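# Commentary on secondary and tertiary structure
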Amino acid sequence: MLMTARKTYPPEKAEPLMCVPACLNMIFRRRGLEPIPQKLIAVELGLVVPLRLQSSFPLATISEDSRDWGVHPQDEQTSLKGFFGRQRVPLEEKFYLSSQIPTSFGYAEFLSLALESGNDIIVGYDYATVFRSGGNVGHVSLICDVDSAKDVAWILDPESADEGPMRVLLRDLVAGVRTQRDGFWIIGPHESVRRCAEII
């Protein structure tokens, strides 16, 4: 049975369209690093907003296609790696699409290994697929713990961070990742990210 020591995060509630910046700030605080304003993080990660929000986010790109809204940390020009470098954040990241997890590993084993190696994990997924409610929109959360025997993960949703981690079925979370064609950002110091990548 694989079960990791649950990671705890100082909660930070996400502002609208700021789920990735809020997750990053919770990671920074857990690691004793200074948080960065959510809007600044978002602009650096390629924030896209609808026209009605342009006055709140004057540096953002405008689109009326709701699939574009939010940040784009998978794009090379607006990647987490680039953001960490520009802001001198002493962390690295490695992104894994769900299809890149080797078949020799299960998802529980992959996530447990990443957590046990000293990393944090941000997971991107389709909200409605995981929670069976709400719209089909892209969202992210922090993975705090995994229990392979029970097929569950505990995730911290930045929109309800004050309520603490919630239990979700791992198979629902993976289905949400696949539906959104998203993945897992493994974040940590160079050595722990590299150690995880070498084993996988």
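Since the model is a prediction, treat every value here as computed from it, not as a measurement.

### What to know about helix α6 (residues 170-180)
Within α6 the residues assigned to the buried category are Leu170, Asp172, Leu173, Val174, Gly176 and Val177. Arg181 lies just past α6 and shows a positive phi near 55°.

### Details of the confidence of the model for the chain
The predicted model of the chain has a mean per-residue pLDDT of 90, with 96% of residues at 70 or higher. Within the chain, helix α1 (residues 19-30) carries the highest mean pLDDT (97), whereas helix α7 (residues 190-199) carries the lowest (84).

### Side note on the packing of aromatic side chains
In this description, a pair of aromatic rings is defined by centroid distance and the angle of the planes. Applying the stated criterion across every chain yields a total of 8 aromatic pairs. Taking 6.0 Å as the distance between ring centres and 50° as the angle between the ring planes, the aromatic pair formed by Phe83 and Phe84 counts as tilted. For Phe84, a relative accessible area of 2% gives the class buried. Here Tyr107 and Phe184 contribute two aromatic rings whose centre-to-centre distance is 6.3 Å and whose plane-to-plane angle is 40°, an arrangement assigned as tilted. On the criterion of sequence distance, the pair formed by Tyr107 in helix α4 (residues 107-116) and Phe184 in strand β8 (residues 183-188) is long-range, its members being 77 residues apart. The burial state of Tyr107 is the same as that of Phe184; both residues are buried. Positioned above the aromatic ring of Phe57, the side-chain terminus of Lys39 is 5.1 Å from the ring centre. Here Lys94 stacks its cationic end above the ring of Tyr96, 5.3 Å away from the centre of that ring.

### Some words on the pattern of salt bridges
Once the charged atoms of two side chains with opposite charge are near each other, the side chains can pair. A complete count under the given rule lists 8 salt bridges for this structure. Glu12 serves as the salt-bridge partner of Arg29, at 2.2 Å between the closest nitrogen and oxygen. Placement of the pair is Arg29 in helix α1 and Glu12 in the segment before α1, with a sequence separation of 17 residues. Given a relative accessible area of 34%, Arg29 falls into the partly exposed group. Residue class for Glu12 comes out buried when judged on its relative accessible area of 12%. For Arg132, the salt bridge is made with Asp172, and the minimal N-O distance between the two is 2.7 Å. Placement of Arg132 in the loop between α5 (127-131) and β5 (138-147) and of Asp172 in helix α6 is noted, with a sequence separation of 40 residues between them. The exposed category is assigned to Arg132, whose relative accessible area is 62%. Asp172 gets classed as buried once you look at its relative accessible area, which sits at 13%. Linked through salt bridges whose partners overlap, the residues forming this network are Arg30, Arg31 and Asp120.

### Re the packing of α4 against α6
Two elements in contact, α4 and α6, have axes whose closest approach is 11 Å; the angle formed by their N-to-C orientations is 90°. Of the possible angle classes, the one that applies to α4 and α6 is roughly perpendicular. Along its contact with α4, which presents Tyr107, Ala108 and Leu111, the element α6 presents Leu170, Val174 and Arg178.

### Comments concerning the nonpolar core
Leu24, Phe84, Ile122 and Ile187 are the most contacted members of the largest nonpolar core, which has 37 residues in total. Contributions of two or more residues to this core are made by α1, α2 (38-44), α3 (80-87), β5, β6 (152-156) and β8. It is α1 that contributes the most residues to this core, 8 residues altogether. Beyond its immediate sequence surroundings of up to four residues, Ile187 is in contact with Leu24, Ile27, Arg31, Leu80, Phe84, Leu91, Glu92, Glu93, Asn119, Asp120, Ile122 and Val193.

### Here's the deal with α7
Turning to α7, its buried residues number three or more, namely Ser192, Val193 and Cys196. Projected down its long axis, α7 carries its buried residues within an arc of 100°, all on one side. Buried residues along α7 sit against β3 (92-97), α4 and β8.

Rules of the game
- Residues numbered from 1 in each chain as written.
- Predicted model: local features only at pLDDT ≥ 70, side-chain atom pairs only at ≥ 80, totals over all residues.
- Heavy atoms only, no water.
- Buried < 20%, exposed > 50% of the residue type's maximum accessible area, 1.4 Å probe, protein only.
- Helix = DSSP H or I, 4+ residues; strand = E, 2+ residues; numbered from the N terminus.
- pLDDT = per-residue confidence, 0-100.
- Phe/Tyr/Trp six-rings, centres within 6.5 Å; stacked < 30°, edge-to-face > 60°.
- Lys NZ or Arg CZ within 6 Å of the ring centre and 35° of its normal.
- Salt bridge = Lys/Arg side-chain N within 4 Å of Asp/Glu carboxyl O.
- Axes fitted to C-alpha atoms, helices over the stretch in contact; angles between N-to-C directions.
- Parallel < 35°, antiparallel > 145°, perpendicular 65-115°, else oblique.
- Contact = heavy atoms within 4.5 Å.
- Core = buried A, V, L, I, M, F, W, Y, C linked by side-chain atoms within 4.5 Å.
- Arc of directions from axis to C-beta.

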